[in-house]
Structure formats: C-alpha cells, structure tokens
Amino acid sequence: MQPQSPRSLHGAPVESESHNMVSQVPALPQSYAPGTDSVFSDQSGFYSLDSNVPGLSKVILNKLNMKDYGEYRTAVEGKAQGISFRNYKEMFQKMEDTFKFCTGCNKLPEHLAEGQTLKRCVKCLNVYYCTKECQKKDWPQHKKVCKLLRLVAIDRLVEWLMFTGDLPFPTEKWSKSAAGVKNWDDWLSMQGDLTPRLDAILSGADMASLWKNVSRPRPDESDLQQSLWRLQSEFLSRVLTVGMAMKHFGLDPYAKPLTIHLAGASHNETMGARITDYDELSYMFPGHQGIEIVMVGPEVVDGPIVRPPLSAFGPKHTVYINAYKSLYHQFWEELVEKEEAAKPDLVVGFHPGFHANQGLIEGWLPTLLLLRDYNIPSFFTMYSEMELKCSLQILLELEMHIRDSGANPFSSQKPEQVQACPNKMPVYYNAHYVCFHGLLPQEGVQEPRPGS
Ligand SMILES: [Zn+2]
Ligand SMILES: [Zn+2]
C-alpha cells in the first residue's frame, strides 16, 4: 500500500470498497482523476481537498483554473488578477460543466461529433446523454434515481445560500427536554411554522441572484422550501448527533462543563464555520455548565473557529467552539497530554471512513487505540449500512466495547449524489452511527498473568 498523505488518512469521508470510485471515473479526463492523496467524498460528491467550498470541488476548482479556495474567494470578490470567471453566471456554468458527461457511455462534450451536444434529462435536470439511444439504454437504471437526482440538482445550487449566510435559518428554543426529542419530527414540532423563515430566504436577494445566474429555471416555491429544509437538516444533523451522543453516554452538562472533540473534522464542517454553529446545544440543554466543541482534523479550514482550545472549564451556559488542524492523535500528544487542552468527555467522528481501505485504517489506528485505552466515550457516523458493517468489523477486531449502533434518527435529509456515477443510489450524511467505549470486557476465564 502506497503511503498516503495525512489528509487522506484521517477524517476525510471516502467511498467504500463496494463502490470504488477510483476505478469508475472514466468520465473525467485524466487531470481530474484522483491522485494518490485525494479521496472521493460522496458527501459532496467531490474529491476532497484541503481547501474546499460547499458545492465547490477540486474538479470544479480545476475547471475554474484555481488551486484553492483562497484564490476562488479573491476571484469572487473581484480582487484577483487574471480572474478565470467574471461573474456568478460564469461560475455556476463552470460548476455545471463538471456534471456534463454522458451517463450512458461516459462521453465528454469534447468527444462529441461536430454539432452534437449533450442533452439533459428533462425530469431531473441533473444527468446528461449524448444521444437518445444512450438515454433509452440507461433509463432502466436511471429511472430508479431520477426523482431523487432532481432534488440533488436543486440542492447543489441552493447550497450556495449556506455560503451567503441565508442558511441556516434561526431556530426556536426547545419546549421539550432533550430526552423528549428523539427524531426530526420531535424537533420540528417545537419549531412552529417554518414558513415565515423559509419565505424570508425565498424572497431574499441571494435566492433571486442565484436563479438569475444558473442555467435552469427557478423551481417552484415548494421545491425550494423543501430544499432549504434539507440543507438546514444537514447542518443541524451534526449538532443533534453530538447531542444524541451525549445522551447515549449519559453525559450530564448540568453537572459539569463538558469537552467534546470532533475527531477528523473535515473541510465540510469547518469551511465557513461560525462560532455559533453549535448553539442548538444550548437550546437542547438550557442553562448547561458550558460545552466546548473542539474540531480536530488535518482538513480544518482557517476561519473564526481556529482559536486555542480551553485548558480548563469553558464559559457557563455557552457553547465554545474551536478548531485545531492536525491528526487527532498528534493533537492529543501535542496539547491534551501537556494539559494545554482539556481531556474530552466525548469524541465524535463524522464519517471517519476508516473502513474504506488499509491506508485509512492505518491512519486512524493510533486514534482508535487511544480512544480505547483512555476509555473515551466515542460516537462515529457512517453513510450506509454497509459502511457501518465494515466499521463494526474493524472496531470488533480492535476489541472495542461496542455499546450501540444503528440508523441515526438525526440523519441529514439531503440526498448525496456520487458525481461520477449518478445512477448510484444517493446516500445521506450521518445516516448511521456506532458508539463504543473502552475495551471489550473479557468473558469467562481470566488469562493467567505471565510469571504468576
Ligand atoms: Zn452516450
Ligand atoms: Zn433524470
């Protein structure tokens, strides 16, 4: 196994063996194929990289002739010299171009005969075909996902509003106890009517400018409302999953301040993150003693949350967020062991992806052993049941004491498309979870100690 860069070893969501993208990207020219240090993220449907933007992939940055998010940002702000797109219209166009290949035969626009163009499926406005024949041949597969892909195509544009600040929309204080909120329906029942909040976004300037600049008509209002909810659910899924993990381990934020580490935090969680992102926890546990969220991962993106972790107790009644760019076990050695960061009461990992291949397991191994040997309550999420199964297998081999696993009631509601294989069934962020704590207790006979 080729040694991989730390970023691909740790924390990045990756495709599992069963849908190994690396072997299935003939649709993309060589320059866009993943290198040894890139992993496919089906969370955003993109190759993951250090600097990323929601809705902007390495593929897209390549298309835009940009190396990273910083360059992209300067271009958007009009400060760049030699800008490779002049306006949002051009940018959205180039983003859409990355989806332009024949879903039937993988042909790219440049492989088409003179005068021929790729035609988009009129139902989902998401996938393309070179000819009627290709579309006809592909329909038995595509018809299973066409309806979902229609939503995906809307969401990947509306996701822009997460970036402009229109999303997430404000939420209400909880009228039920944390124990009484077991799923999205329970959460939604405390929110009252979402319509005014959604309508404010729908009638906003950013929403208008979005549909003015993209190459498709504005969907109807109910489609957009539902898309806004799906994107909000993805954002909240992280917070509520942390809250659920706290409940699972019986952590009491009223008894003492709590420190929660997010191991393997990726660009998806840290790009554009604001210090208020986990405030929903204060609605969940009103009047708590203080909760510190520390995001640790090699993909952590610079921003307001990159500030030093707390060495002791955090401020009361407040959720304090910070982030540290490092592999988790290195962070532990550099800060936790030197008591420059508080020891965690809980470690949560969103899509660690260590099941995907040997290299990733090796990258995560020091972290997994550390969590086991320091007896840290741990809670990890996965995209699919298959990923969950593979992860459980690995954790059992490490003799982890598995406490629980299953479907996450706070799974994201936003379907994720596998960009290069659009006919694959979309998956959902945080769909499954496993929680484990310490070493599996030995049953029956006790091993005689050497020398006794
Ligand atoms: Zn074709
Ligand atoms: Zn379709």
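The rules behind the values
- All residue numbers refer to position in the chain's written sequence, counted from 1.
- A letter from A marks each chain and a number from 1 marks each ligand, given out in the order of writing.
- Restriction of local features to residues with pLDDT of at least 70 applies here, the model being predicted, together with a cutoff of 80 or more for giving and counting side-chain atom pairs; totals for whole chains, interfaces and linings are based on all residues.
- Joining buried Ala, Val, Leu, Ile, Met, Phe, Trp, Tyr and Cys residues through C-beta atoms within 7 Å gives a set, and that set is a nonpolar core.
- The burial label depends on the number of other C-beta atoms within 10 Å of a residue's C-beta. Counts of 20 or more mean buried, 12 or fewer mean exposed, and intermediate counts mean partly exposed, with C-beta atoms placed from the backbone.
- Runs of E in the DSSP output that reach at least two residues are strands. Runs of H or I that reach at least four are helices, and both are numbered from the N terminus.
- Two residues form a contact once the distance between their C-beta atoms, set from the backbone, is within 7 Å.
- Expected helix span is taken as 1.5 Å per residue step, with the number of steps being one fewer than the number of residues.

A. Layout of the nonpolar core. The biggest cluster of nonpolar side chains holds 67 residues, and the ones touching the most others in it are Ala245, Leu262, Leu281, Ile293, Met295, Val296 and Val348. With seven residues, the single largest contributor to this core is helix α11 (residues 221–248). Once residues within four sequence positions are removed from consideration, Ile293 is found in contact with Ile260, Leu262, Tyr278, Val319 and Ile321. Of all hydrophobic cores here, the second largest spans 24 residues; its members include Cys121, Ile154, Val158 and Leu198.

B. Layout of helix α6 (residues 146–158). The terminal C-alpha atoms of α6, which comprises 13 residues, lie 19 Å apart, in line with the 18 Å expected from a rise of 1.5 Å per residue. Inspection of α6 places Leu149, Leu151, Val152, Ala153, Ile154, Asp155, Arg156, Leu157 and Val158 among the buried residues, and these make up the whole buried set. Residues of α6 that are buried in the fold lie against α7 (160–164), α10 (205–213), α11 and β11 (415–416).

C. Focus on the environment of Trp174. Topologically, Trp174 is positioned in the loop between α7 and α8 (184–189). Residue Trp174 is classed as partly exposed on the basis of its C-beta count, with 19 C-beta atoms lying within 10 Å. Beyond its immediate sequence surroundings of up to four residues, Trp174 is in contact with Val181, Met190, Tyr283 and Met284.

D. Region of interest: unusual backbone geometry. Residues Leu167 and Pro168 are joined by a peptide bond in cis, for which omega reads -5°. You can see Pro168 is positioned in the loop between α7 and α8. Located in the positive-phi region is Asn106, a residue other than glycine, with phi close to 70°. For Asn106, the position within the fold is in the loop between α4 (88–97) and β3 (119–120).

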